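Coordinates in review
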Amino acid sequence: MSAPREPRPSTLAQSLDTIRTIAWMKETARQARAESRVIGFVPTMGALHAGHLSLVERARRDCDPVIASIFVNPKQFGPKEDFAKYPRTLEKDAAKLAAAGVGALFLPEAAEMYPAGFATYVNVEGLSERLEGRTRPGHFCGVTTVVLKLLEIVQPTFAYFGRKDAQQARLITIMARDLNLDTQIVLGPIVREGDGLAMSSRNAYLSAEERRAAAVVQRALAAAGDEVRAGVRDVLRLQEAMQRVLAAEPLARVDYAEIVDAATFEPVLRVARPAYVLLAAYLGRTRLIDNMFIEPVAEGADEFAIQL
Ligand code: AMP
């Protein structure tokens, strides 16, 4: 069998190797591994912003080469969701990745990722159905399936995910553990706009008025953080603090505001161990998610460190 060839040489960005076929991606990664190089992988859906690029920067510190992927994965969108209108800005993305020092950009085609008769899915039971999974049935099965496929194709040493999507990151970490993947999953912090809004490709959907109002999501989390700093441990009181802030913004409609154990994502009544404060809200028709991570400064300590 002849070696796989990349059929369409890319002109997207100089110094960025653009790879469109699975066979060529596998071969490129195989060559890097054969040279004992440490591959860092940053999977994305494109419309790149500083949040994505922070993961690339983190990967650059640990790895060479850094490989990024852009794939708007149809399997993780519900039938009434925004797959068709999801922002696609490939040329700009390629320039950003090249400038950030990414060596190769994997751009798989949906037809090759999901050929006719595709029938195999991976699902992390339980957690996939709760929180985001309740509002978006099937979403996480689509996410874990595509991430497993990408990790199998690239076989990186490290793969980088944002804490912005905390439940997704936890599911991927569980999947990697359960399936004994060789890849280590690394989480990066949330990158925010100047007014605190977590960066997201979907922020582009917001009208000017919604965009102004959207900062309320982070302010609500910060209010819960202030309560934690003031010694409040009761989850109902933390939820009330968030609701007070959110209620003052008529354009925001809360989907959920939950406080969960950081490992199990089960709701807690009091904060005592590492926990996530998770918030999902609609601004008009756009659904935004954000979160805050809180953990005792030392084991058993009653003082909490807050990462917003
Ligand atoms: P996406 O393109 O939305 O699939 O995101 C690709 C990766 O970037 C995921 O691991 C996200 O969690 C991460 N990410 C998205 N937004 C941010 C952000 N504001 N800060 C940090 N990471 C982010």
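Each chain carries its own residue numbering, running from 1 in the direction its sequence is written. Owing to the predicted nature of the model, reporting of local features is limited to residues with pLDDT of at least 70; listing and counting of side-chain atom pairs is limited to 80 or more, with chain, interface and lining totals taken over all residues. Excluding hydrogens and water, the side-chain figures rest on all heavy atoms present in the structure.

**A look at the side chain of Thr-21**
Put simply, the rule is: Strands are runs of DSSP state E lasting at least two residues, helices are runs of H or I lasting at least four, and both sets are numbered from the N terminus onward. Throughout, exposure labels follow a simple rule: accessible area from a 1.4 Å probe, protein chains only, divided by the maximum for the residue type, with under 20% read as buried, over 50% as exposed, and the rest as partly exposed. Between N or O atoms, a polar contact is any pair within 3.5 Å; within protein, one atom must be a potential hydrogen donor and the other a potential acceptor, and residues adjacent in sequence are included only when both atoms are from side chains.
Turning to its location among the elements, Thr-21 is positioned in the loop between β1 (17-19) and α1 (22-34). Residue Thr-21 is classed as buried on the basis of its relative accessible area, which comes to 17%. Side-chain polar atoms of Thr-21 contact the backbone nitrogen of Trp-24, separated by 3.2 Å.

**Some remarks on the domain arrangement of the chain**
Operational definition: Just so you know, the domain bounds were taken from an automatic or database domain assignment. A simple way to read buried area is as the amount of 1.4 Å-probe accessible surface that goes missing from two parts once joined, with both sides added. When a carboxyl oxygen of Asp or Glu is within 4 Å of a side-chain nitrogen of Lys or Arg, the pair counts as a salt bridge.
We note that the domain assignment places domain 1 (17-188) and domain 2 (201-307) within the chain. Taken together, both faces of the contact between domain 1 and domain 2 bury some 1,800 Å²; the carbon and sulfur share is 47%. For the domain 1 face of the interface with domain 2, the top three residues by lost area are Leu-131, Glu-132 and Arg-163, together amounting to 32%. A salt bridge links Glu-266 to Arg-130, with the nearest nitrogen and oxygen atoms 3.5 Å apart.

**With respect to the sheet that holds strand β8 (residues 275-283)**
Note the following rule: In this analysis, strands are considered paired if DSSP registers two or more bridges between them. Axis definition: a line fitted to C-alpha atoms, limited for helices to the stretch in contact. Angles are taken between N-to-C directions and run from 0 to 180 degrees. Working rule for contacts: check all heavy atoms of both residues, and any pair within 4.5 Å makes them a contact.
The strand order across the open sheet formed by four strands is β7-β8-β9-β10, and the pairing between neighbours is antiparallel. Bordering the open sheet on either side are β7 (252-261) and β10 (304-307), each of which pairs with just one other strand. When strand polarity is set aside, the average angle formed by the axes of neighbouring strands in this sheet is 20°. Across the sheet, helix α10 (residues 235-247) is in contact with β7 and β8; its angle to β7 comes to roughly 160°.

**Some remarks on the pattern of salt bridges**
What the rule picks out here adds up to 16 salt bridges. For Glu-27, the salt bridge identified is with Arg-30, shortest N-O distance 3.0 Å. With a gap of three residues between them, Glu-27 and Arg-30 both fall in helix α1, about one helical turn apart. On the basis of relative accessible area, Glu-27 is assigned to the buried category, the value being 14%. Its relative accessible area of 41% is what places Arg-30 among the partly exposed residues. In this structure, Asp-64 engages Arg-37 in a salt bridge whose closest nitrogen and oxygen atoms are separated by 3.5 Å. Placement of the pair is Asp-64 in the loop between α2 (50-62) and β3 (66-70) and Arg-37 in the loop between α1 and β2 (40-44), with a sequence separation of 27 residues. By relative accessible area, which is 32% here, Arg-37 ends up partly exposed. Through salt bridges that share partners, Glu-35, Arg-37 and Asp-64 make up one connected network.

**Description of the site of the ligand**
To keep it simple, the criterion reads: In these notes, residues near a molecule or strand are those with any non-hydrogen atom within 4 Å of it. A 1.4 Å probe and the Shrake-Rupley method give the accessible areas. Residues count as covered only by the protein chains that appear here. Here the nonpolar group is Ala, Val, Leu, Ile, Met, Phe, Trp, Tyr, Cys and Pro; Asp, Glu, Lys and Arg are the charged ones; every other residue, Gly included, is treated as polar.
As a structural note, the neighbourhood of the ligand is formed by 16 residues, with Met-45, Gly-162, Asp-165, Val-191 and Met-199 the closest of them. In this structure, Gly-162 approaches the ligand through a main-chain N or O atom, which is 2.8 Å from an oxygen atom. In the model, an oxygen atom of the ligand is placed 2.6 Å from a nitrogen or oxygen of the Asp-165 side chain. About the coverage of the ligand: the protein hides 91% of its 480 Å² of free accessible area. If one sorts the elements of the shell around the ligand by residue count, α2 sits on top with three residues. Classifying every residue of the shell around the ligand by side-chain character gives nine nonpolar, five polar and two charged.

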